[in-house]
Amino acid sequence: MIGRLALVVAATAALAGCHAGTINLAATARTVPADDGFDLTVVRMVESTLLPRGKPRAVLFYVQGSEDRSVTDAAGRLAGFCAMNVPVVAVERRGVHPDGAVDEAAALRFATRERRIDDTLEAMDSMLGTEPPGTPLLMMGASEGADVASAVAARCETERLRAVILLGGGGGWTQEQEFRHFIQTRGSFLGLGSEAELDAKIAE
């Protein structure tokens, strides 16, 4: 199933030959069956003024962090890629819908590292079949998505993957290790004032 989304993004783009201003994005969403039968929602964003257009320069696969928000919320940060004729493709976290609605029970149940890796690989495989042959693939992961993206890149078998961009990831640490480090070095983090409080939250 394919649906259309309407996005208008005000982006401050410092691109060669571009002036800062409004970049109009058009987005389509389609469902892709996961290995367990769950219908994944894959979103593809392009700059609408480039439609119709020729072959993309590349495609960016974006992997969001741990937030239970639609990937379309990141459109403002990703609009510069679209303006350079690099469409952005992303898979919604399970339980999250492009309209912003969240099924919290499903989002929590499926929020595991392995599930996110498998879903991303499934969505990427599907995407590669719909883009023009030979189109280079870039991948970018933010926060928890950086961990997922690096694992996906290690397992990905396509020769089309040319670069992986990791933003604000833990460099191989788990989120627990990151939080513990921040508490040790800063004295508190996200309202947690001690490692004992962190341990209690983890147990909870």
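Residues numbered from 1 in each chain as written. Predicted model: local features only at pLDDT ≥ 70, side-chain atom pairs only at ≥ 80, totals over all residues. Heavy atoms only, no water.

J.: How would you sum up the environment of Arg 30? Please name residues and give values.
T.: With respect to the helices, strands and loops of the structure, Arg 30 is situated in strand S2 (residues 21-33). As for Arg 30 and Val 43, which are separated by 13 residues in sequence, their C-alpha atoms are 6.6 Å apart. Here Ser 126 takes part through its side chain, which lies 2.8 Å from a polar atom of the side chain of Arg 30. (Helix = DSSP H or I, 4+ residues; strand = E, 2+ residues; numbered from the N terminus. Polar contact = N/O pair within 3.5 Å; in protein donor to acceptor, adjacent residues only side chain to side chain.)

J.: I'd like a rundown of the nonpolar core, residues and numbers included.
T.: Grouped together as the largest cluster of nonpolar side chains are 23 residues, with contacts concentrated most on Phe 61, Met 124, Met 127, Leu 137, Met 139 and Val 152. Counting residues per element, this core draws most heavily on helix H3 (residues 113-128), at 6 residues. Those residues within four positions of Met 124 in sequence are excluded, and the remaining contacts are Phe 61, Leu 137, Met 139, Val 152 and Cys 156. (Core = buried A, V, L, I, M, F, W, Y, C linked by side-chain atoms within 4.5 Å. Buried < 20%, exposed > 50% of the residue type's maximum accessible area, 1.4 Å probe, protein only. Contact = heavy atoms within 4.5 Å.)

J.: So what's going on with the pairing of strand S3 (residues 39-47)? Residues and values would help.
T.: Residues in a regular strand project their side chains so that they alternate between the two faces of the sheet. For S3, the tally of buried residues reaches 7 of 9 residues, placing the bulk of the element in the interior. Note that S3 and strand S5 (residues 88-91) share 4 bridges and pair antiparallel. In the strand pairing of S5, Arg 44 is matched with Val 89. (Pairing = 2+ DSSP bridges.)

J.: Could you give an account of the packing of aromatic side chains, with specific residues and numbers?
T.: Scanning the entire structure with this criterion turns up 3 aromatic pairs. Look at Phe 182 and Phe 189: their rings are 4.6 Å apart centre to centre, the planes differ by 40 degrees, and that puts the pair in the tilted class. Here Phe 182 falls in the partly exposed class, since its relative accessible area comes to 21%. By the ring-pair criterion, three or more aromatic residues cluster together here, those being Phe 179, Phe 182 and Phe 189. Above the face of the Phe 110 ring, Arg 94 is positioned so that its terminal group lies 4.7 Å from the ring centre. Positioned over the ring face of Phe 182 is Arg 186, at 4.2 Å from the centre of the ring. (Phe/Tyr/Trp six-rings, centres within 6.5 Å; stacked < 30°, edge-to-face > 60°. Lys NZ or Arg CZ within 6 Å of the ring centre and 35° of its normal.)

J.: Describe the pattern of salt bridges, with residues and values.
T.: For side chains bearing opposite charge, pairing can occur when the charged atoms are close. Taken as a whole, this structure holds 17 salt bridges when the rule is applied. Here Arg 93 makes a salt bridge to Glu 144, at a shortest N to O gap of 3.3 Å. In this pair, Arg 93 sits in the loop between S5 and helix H2 (104-109) while Glu 144 sits in helix H4 (residues 144-155), placing the two residues 51 residues apart along the sequence. Judged by its relative accessible area of 8%, Arg 93 falls in the buried class. Of the charged contacts in the structure, one is a salt bridge between Asp 119 and Arg 115, with a shortest N-O distance of 3.1 Å. Of this pair, Asp 119 and Arg 115 both sit in helix H3, 4 residues apart, roughly one helical turn. Each member of the pair, Asp 119 together with Arg 115, is buried. (Salt bridge = Lys/Arg side-chain N within 4 Å of Asp/Glu carboxyl O.)

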